[in-house]
Amino acid sequence: MFDIGFAELTLIFIIGLVVLGPERLPTVARTIGRWLGRARSTFNNLKNELEREAVTKDMRERMEKQMREMGLDEDSIREARESLLSPEQIAKARQPAEQVENRIKPDSPQDQTRND
């Protein structure tokens, strides 16, 4: 992040020790460490979010290119989706078939003994 070597860190530590004293220096160092940790975390989260957006955009562009190559567009996909039956329509279409199956079932053994 910063190009600070060992000599610079030692000088900063000595100045901090003289200015703050040995009692307050550890507290200040911890506070600065927390701030730096939060800044790094925020930076990494932002970087990851931007990378995800770039990947998502790239994938979307690839998908649109492949759809154009296949001759598909949004309107044709929308029409195909609208032409599909809804779950309610499918259930309604199955009901008459189930009712017909119930009517065709063979008589129970009790009914056969009555007929004999």
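Residues numbered from 1 in each chain as written. Predicted model: local features only at pLDDT ≥ 70, side-chain atom pairs only at ≥ 80, totals over all residues. Heavy atoms only, no water.

A. Region of interest: the overall build of the protein. A tally of helices and strands in the protein yields four helices and zero strands. Secondary structure of the protein in N-to-C order comes out as α-α-α-α. Residues classed as buried in the protein amount to 3% of the 116 residues present. When the accessible area of the protein is evaluated, it comes to approximately 11300 Å², of which 58% is carbon and sulfur surface. (Helix = DSSP H or I, 4+ residues; strand = E, 2+ residues; numbered from the N terminus. Buried < 20%, exposed > 50% of the residue type's maximum accessible area, 1.4 Å probe, protein only. Areas by Shrake-Rupley, 256 points an atom, 1.4 Å probe, with all protein chains shown as cover.)

B. Looking closely at the pattern of salt bridges. Per the counting criterion, the structure on display carries two salt bridges. Taking the shortest distance from any N to any O, the salt bridge between Glu49 and Arg52 comes out at 3.3 Å. You can see Glu49 and its partner Arg52 sitting in helix 1 (residues 6-70), three residues apart, about one turn around the helix. What makes Glu49 partly exposed here is its relative accessible area of 36%. The salt bridge partner of Arg62 is Asp58, with a shortest N-O separation of 3.5 Å. With Arg62 and Asp58 both in helix 1, this residue pair falls four residues apart, about one helical turn. For Arg62, a relative accessible area of 54% translates into the label exposed. In this structure Asp58 comes out as partly exposed when scored by relative accessible area, which is 33%. (Salt bridge = Lys/Arg side-chain N within 4 Å of Asp/Glu carboxyl O.)

C. Summary view of helix 1. Taking 1.5 Å per residue, 65 residues should reach 96 Å; helix 1 reaches only 60 Å between its end C-alpha atoms and comes up short. The largest bend along helix 1 reaches roughly 110° and is located at Gly21, with the proline Pro22 sitting one to four residues downstream. Buried within helix 1 we find Gly16, Gly21, Leu25 and Met67. Against the buried residues of helix 1 lie helix 2 (74-83). Looking one or two residues past helix 1, Gly71 carries a phi angle of roughly 85°, positive in sign. (Expected span 1.5 Å × (residues − 1). Bend = angle between axes of the 7 residues up to and from the residue. Contact = heavy atoms within 4.5 Å.)

D. Up close: the environment of Ala29. On the secondary structure map, Ala29 appears in helix 1. Classification of Ala29 as partly exposed rests on a relative accessible area of 47%. Spatially, the C-alpha atom of Ala29 lies 9.4 Å from that of Gly16, the residues being 13 residues apart in sequence.

E. Quick peek at a nonpolar patch on the surface. On the surface, a nonpolar cluster with roughly 690 Å² of combined accessible area is contributed by Leu11, Phe13, Ile14, Ile15, Leu17, Val18 and Val19. Relative to the elements of secondary structure, Val19 occurs in helix 1. (Patch = residues over 30% accessible without salt bridge, like charges linked within 9 Å, V, L, I, M, F, W, Y side chains within 5 Å.)

F. Main features of the confidence of the model for the protein. Within the protein, residue pLDDT values average 81, and 80% of them lie at 70 or more. No element of the protein has a lower mean pLDDT than helix 4 (residues 109-115), which averages 54, and none a higher one than helix 1, which averages 90. (pLDDT = per-residue confidence, 0-100.)

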